[in-house]
Amino acid sequence: MLRRALFFMALIAFWEILCRLGIWEPTLFPSPWRVAQTLWRTLADRSLLLATGVSLRRILVGYLLAQTLGVVLGVLLARLRWLEETVGSLVLGLQTLPSVCWLPLALLWFGLNDRAILFVVVMGALLAVTVSVHDGVKNVPPVYLRAARTMGTGPVALYTEVLLPASLPAILTGAKLGWSFAWRSLMAGELLFVSLGLGHMLMMGRELADMSQVVAVMLVIILLGLLADRAIFGVLAARVRERWGLAHP
Amino acid sequence: MAKLSVRAVSKKFYGSSGEVQALLDVWLDVEDGEFLVLVGPSGCGKSTLLNVVAGLDLPDTGEVLEDGRPVSRPGRDRSVVFQEGALFPWLTAQKNVEFPLKQMGLRARERAERARYYLHLVHLSRFRDSYLHELSGGMRQRVAIARALAVDPEVLLMDEPFAALDAQTREDLYEQLAELWQRTGKTIMFVTHNVREAVCLGDRVVLFSARPGRVRAAFDVSLARPRFIDDVDVARLARQISLAMKEDRRRIREEEYDVDWHAAAGALLHGVDRVLGDPL
Ligand SMILES: Nc1ncnc2c1ncn2[C@@H]1O[C@H](COP(=O)(O)OP(=O)(O)OP(=O)(O)O)[C@@H](O)[C@H]1O
Ligand SMILES: [Mg+2]
């Protein structure tokens, strides 16, 4: 922890020194101090908060949608042979497509609006989630299912009380992966047209040639990504792995 | 009438190495309250038979009757203890034992009480709230036994439940299992390839032979209980059964050798460098 803090302090100091040397224009290479000022200014005039709010709302809606659909689709693919042989190969194929590639399609279908962005976010996360859940359910040891049958487990309970809990570690892996895909897709989508989110604010910084704003927004994006990754998914995954007896430190 | 009756059961598997006749025309009766042990070499079809009795697998021909009624699917009247326990790692010991009770539709209060009782029966009261990875192998098998007993089944099917345990733990569990069986009067069908274990536990030991899997011989064990694994009488009977098993293995080896020998003789006659036995 101490080592990490020292490293980042050194990094910031190095950054400051580079600026002081004046090799590049200050507008193109803002000092840490200017970035901090911009952060403060955009926080104070609430533009940063607003953009963050818009982006977070979008990702929450899109991500929850993708996660729900992904779990259902993944489980169905793993359990229904005919579906796996048909839709399964489609999913694998589409998964190789970077999610921004959906944008032109989304723009044609939905126009320049929120729904297009939402579509890109969902498509970005959905396939990753589906594939992880599918793998997880496929890898549930058959003996669990046999045991469940000898205990008179009904068809619904077989899913809710055996298959899903048994594949929870894989589902969480998918959730984490899906989140990072969704976040990337959202930023890509927001960069491309007026949309009020963080991505758009990043673009505004470019258009105003205000590099400090670009860097400030980048910092916020990194911070939010880290927060979700560590504080939510990291903690959840660690707890599940421990309880499932998978943790081997 | 026998509690369980296996009648003319045959089953074939079509695996990657061709077809295997896992069971061929197996007949077997298990009396009510009997402790029956199946022994036999690895791969002779013991698990297959147990799964058929459990209703997890269907036989190609023949049938299994329970109290005269044909078995067609798994049911709580026949609890299974699997070799690897097959407990759910995401549940505590207590919740694992409650699982089948929940499927029965019991209320939470009653479930908890019954699970507590059965965990007490296998001496695990202190570890009720432990997750599986916090328990030793022997403890896990005891949880599995508690889970199997909790639904108050008529028949207990156990597939090498102690195979993965060390000798001391196993001995303790023999004692506990024999005691549980005497106390509850369940019918038990127990699979093992450990002959001493078989004699130590069973009323009757049925010897299986391989290829095809079928009943080779049955031995009544009329030794007084409690029995211990190193009793002289246990050892003596176990030796007798082992000899029969060895005899069987010798027969199989000879059959294999026979095939090889014919192959070798054929090679002498029609090898790549020979025509009708004459060197080229
Ligand atoms: N699902 C399956 N597919 C193909 N072959 C199988 C299958 N299950 C069992 N077999 C074959 O059937 C035979 C009997 O298997 P089974 O598991 O009943 O043996 P076993 O007596 O329980 O052996 P062990 O003591 O090693 O557990 C084996 O030769 C095995 O290869
Ligand atoms: Mg077996």
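A brief structural summary. From a predicted model like this one, the values you see are computed outputs, not experimental measurements.

1. Description of the interface of chain A and chain B
No. 1: Each side of the interface is counted separately: chain A has 19 residues, and chain B has 22 residues.
No. 2: Surface buried jointly by chain A and chain B totals about 1900 Å² across both partners, of which 62% is contributed by carbon and sulfur atoms.
No. 3: Where chain A packs against chain B, one counts two salt bridges.
No. 4: Here Asp57 of chain B makes a salt bridge to Arg146 of chain A, at a shortest N to O gap of 3.5 Å.
No. 5: Between chain A and chain B we count five residue pairs in polar contact (both at pLDDT 80 or more) in total.

2. Describing the nonpolar core
All names here are of chain B.
No. 1: Counting residues in hydrophobic clusters, the biggest one holds 54 residues, and the most contacted among them are Leu38, Leu49 and Met189.
No. 2: Aside from chain neighbours lying at most four places away, what touches Leu38 is Leu28, Lys46, Leu49, Met189, Phe190, Val191, Thr192, Val206 and Phe208.
No. 3: Membership of the second largest hydrophobic core comes to 52 residues, among which are Leu101, Leu121, Val143 and Tyr174.

3. Quick notes on the sheet that holds strand 1 (residues 4-15) of chain B
All names here are of chain B.
No. 1: Taking strand neighbours across the sheet as the criterion, the four strands line up as 2-1-4-5 in an open arrangement whose pairing is antiparallel. Either end of the sheet is taken by a strand with one partner, and the two such strands are strand 2 (18-30) and strand 5 (69-70).
No. 2: Note that strand 1 and strand 4 (residues 61-66) share five bridges and pair antiparallel. Bridge pairing links Ser5 to Leu65 in strand 4.

4. Let's talk about the environment of Leu24 of chain B
All names here are of chain B.
No. 1: By the secondary structure assignment, Leu24 is in strand 2.
No. 2: Each C-alpha atom, one on Leu24 and one on Val215, is 9.0 Å from the other, the two residues being 191 residues apart in sequence.
No. 3: Discounting chain neighbours no more than four positions away, the residues touching Leu24 are Val9, Ser10, Pro212, Gly213 and Arg214.

5. Some thoughts on the packing of helix 3 (residues 47-79) of chain A against helix 6 (residues 114-138) of chain A
Axis angle and axis distance: for two packed helices, these are the angle between their axes and the distance between the axes, and together they describe the pair.
Residue and element names in this part refer to chain A.
No. 1: In contact at an axis separation of 6 Å, helix 3 and helix 6 are set at 35 degrees when each is read in the N-to-C sense. Pair helix 3 / helix 6 crosses with right-handed handedness.
No. 2: For the contact of helix 3 with helix 6, the per-class residue count stands at 19 nonpolar, six polar and five charged.

6. Focus on the packing of helix 3 of chain A against helix 11 (residues 211-243) of chain A
Residues and elements named next belong to chain A.
No. 1: Viewed as axis vectors pointing N to C, helix 3 and helix 11 meet at an angle of 40 degrees, and their least axial separation amounts to 12 Å. Our classification of the angle between helix 3 and helix 11 gives oblique. Seen from above, helix 3 lies across helix 11 with right-handed handedness. Residues Leu48, Thr52, Leu56 and Tyr63 of helix 3 form the contact with helix 11, whose own contacting residues are Val217, Val220, Leu224 and Phe233.

7. Comments concerning helix 2 (residues 93-104) of chain B
No. 1: Extensive coverage of helix 2 of chain B is indicated by the burial of nine of its twelve residues.
No. 2: Buried within helix 2 of chain B we find Ala93, Gln94, Asn96, Val97, Glu98, Phe99, Pro100, Leu101 and Gln103 of chain B.
No. 3: Tucked inside the fold, the buried residues of helix 2 of chain B contact helix 8 (155-166) of chain A together with helix 3 (108-121) and helix 4 (137-150) of chain B.
No. 4: Looking one or two residues past helix 2 of chain B, Gly105 of chain B carries a phi angle of roughly 90 degrees, positive in sign.

8. Details of the sheet that holds strand 3 (residues 35-39) of chain B
All names here are of chain B.
No. 1: The six strands are arranged 6-7-8-3-9-10 in an open sheet whose pairing can be described as mixed. Strands at the two margins of the open sheet, each flanked by one partner only, are strand 6 (78-81) and strand 10 (214-220). In this sheet, adjacent strand axes meet at a mean angle of 20 degrees when their direction is disregarded.
No. 2: Pairing analysis gives four bridges linking strand 6 to strand 7 (residues 155-159), with the strands arranged parallel. Across the sheet, the residue bridging to Arg78 is Val155, located in strand 7.
No. 3: Along the sheet, helix 4 makes contact with strand 6 and strand 7, crossing strand 6 at roughly 175 degrees.

Cut-offs and rules
- Residues numbered from 1 in each chain as written.
- Chains lettered and ligands numbered in written order.
- Predicted model: local features only at pLDDT ≥ 70, side-chain atom pairs only at ≥ 80, totals over all residues.
- Heavy atoms only, no water.
- Contact = heavy atoms within 4.5 Å.
- Buried area = accessible area lost by both parts, 1.4 Å probe.
- Salt bridge = Lys/Arg side-chain N within 4 Å of Asp/Glu carboxyl O.
- Polar contact = N/O pair within 3.5 Å; in protein donor to acceptor, adjacent residues only side chain to side chain.
- Core = buried A, V, L, I, M, F, W, Y, C linked by side-chain atoms within 4.5 Å.
- Buried < 20%, exposed > 50% of the residue type's maximum accessible area, 1.4 Å probe, protein only.
- Pairing = 2+ DSSP bridges.
- Helix = DSSP H or I, 4+ residues; strand = E, 2+ residues; numbered from the N terminus.
- Axes fitted to C-alpha atoms, helices over the stretch in contact; angles between N-to-C directions.
- Left-handed = near helix turned anticlockwise from the far one by under 90°.
- Nonpolar A, V, L, I, M, F, W, Y, C, P; charged D, E, K, R; others polar.
- Parallel < 35°, antiparallel > 145°, perpendicular 65-115°, else oblique.

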